[in-house]
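The residues making up each chain are set out below.
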Amino acid sequence: MPFRLQMSLEGETQIDRVLGISADGVEDFTTPLNESKQIILNRTEQNFDSRGSVFGGWAPRKIAKPWPLLEQTGKMRRGFYGTVSPTQLEVGNRDPKFKFHQSNKPSTRLPRRVMLMIDQTSAVSITKAFQAYLVGLMRRN
């Protein structure tokens, strides 16, 4: 049976791919999930470095401030984490304000500023990490 890779963010499917490789009997995906975590967190860091342009750009401020967007204290940028179990990856942010800036729900008070996303570049890298892991297991067996 082919392996199906699915990842979602805020309830929206970001990756849904059927790989032409069987994963029968494989119960521990810690290695490719750790790679996926690093891919996502590195891409998020690149997005901050580019002031949001990696994921489509951030709306400019209405009032000028001396610090970069979303970085007054640095808690938002430093708040990203990834937790891996054998079959699951959770990536999030500990800053309570994150959910308001990231939210895909309509808002009139706060512009959406996407900080966390699985874009096409990340999706391809994540898919390749899983493929390499499964091929490696097949070669060992």
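Here, every reference points to the structure presented above.
Small disclaimer: the values here were computed from a predicted structure and weren't measured.

Asker: Explain unusual backbone geometry to me, please; I cannot follow it from the model alone.
Answerer: Leaving glycine out, the prevailing phi sign among residues is negative, and the prevailing peptide bond configuration is trans. Despite not being glycine, Arg51 shows a phi value in the positive range, around 60 degrees. Within the secondary structure, Arg51 sits in the loop between α1 (30-49) and α2 (75-78). Here the phi dihedral of Leu70 falls at roughly 65 degrees; this positive angle occurs in a residue that is not glycine. Looking at the element boundaries, Leu70 is found in the loop between α1 and α2.

Asker: When you look at the side chain of Asn93 in this model, what are you seeing that I'm missing?
Answerer: Position of Asn93 among the secondary structure elements: in strand β4 (residues 89-93). You can call Asn93 buried: its relative accessible area is 12%. Separated by 2.7 Å, the side chain of Asn93 and the backbone oxygen of Met76 make a polar contact. For Asn93, the residues in contact, after removing those within four places along its chain, are Met76, Gly79, Phe80, Tyr81 and Phe98.

Asker: Mind showing me how you'd approach the side chain of Thr44 here?
Answerer: Relative to the assigned elements, Thr44 resides in helix α1. A distance of 2.9 Å separates a polar side-chain atom of Thr44 from the backbone oxygen of Ile40. Not counting the four nearest positions on each side in its chain, Thr44 is found in contact with Phe80, Met115 and Leu116.

Here is what the cut-offs are and how they apply
- Residue positions are given per chain, counting from 1 as you read along its sequence in written order.
- Given that this is a predicted model, residues contribute local features only at a pLDDT of at least 70 and side-chain atom pairs are listed and counted only at 80 or more, while totals for whole chains, interfaces and linings are drawn from all residues.
- Here the side-chain values reflect all heavy atoms present in the structure, with hydrogen atoms and water set aside.
- Comment: elements are numbered from the N terminus, with helices defined as DSSP H or I runs of at least four residues and strands as E runs of at least two.
- Type-normalised accessible area, obtained with a 1.4 Å probe on protein chains alone, sets the label of each residue: buried when under 20%, exposed when over 50%, and partly exposed for intermediate values.
- Between N or O atoms, a polar contact is any pair within 3.5 Å; within protein, one atom must be a potential hydrogen donor and the other a potential acceptor, and residues adjacent in sequence are included only when both atoms are from side chains.
- By definition, residues are in contact when any of their heavy atoms lie within 4.5 Å.

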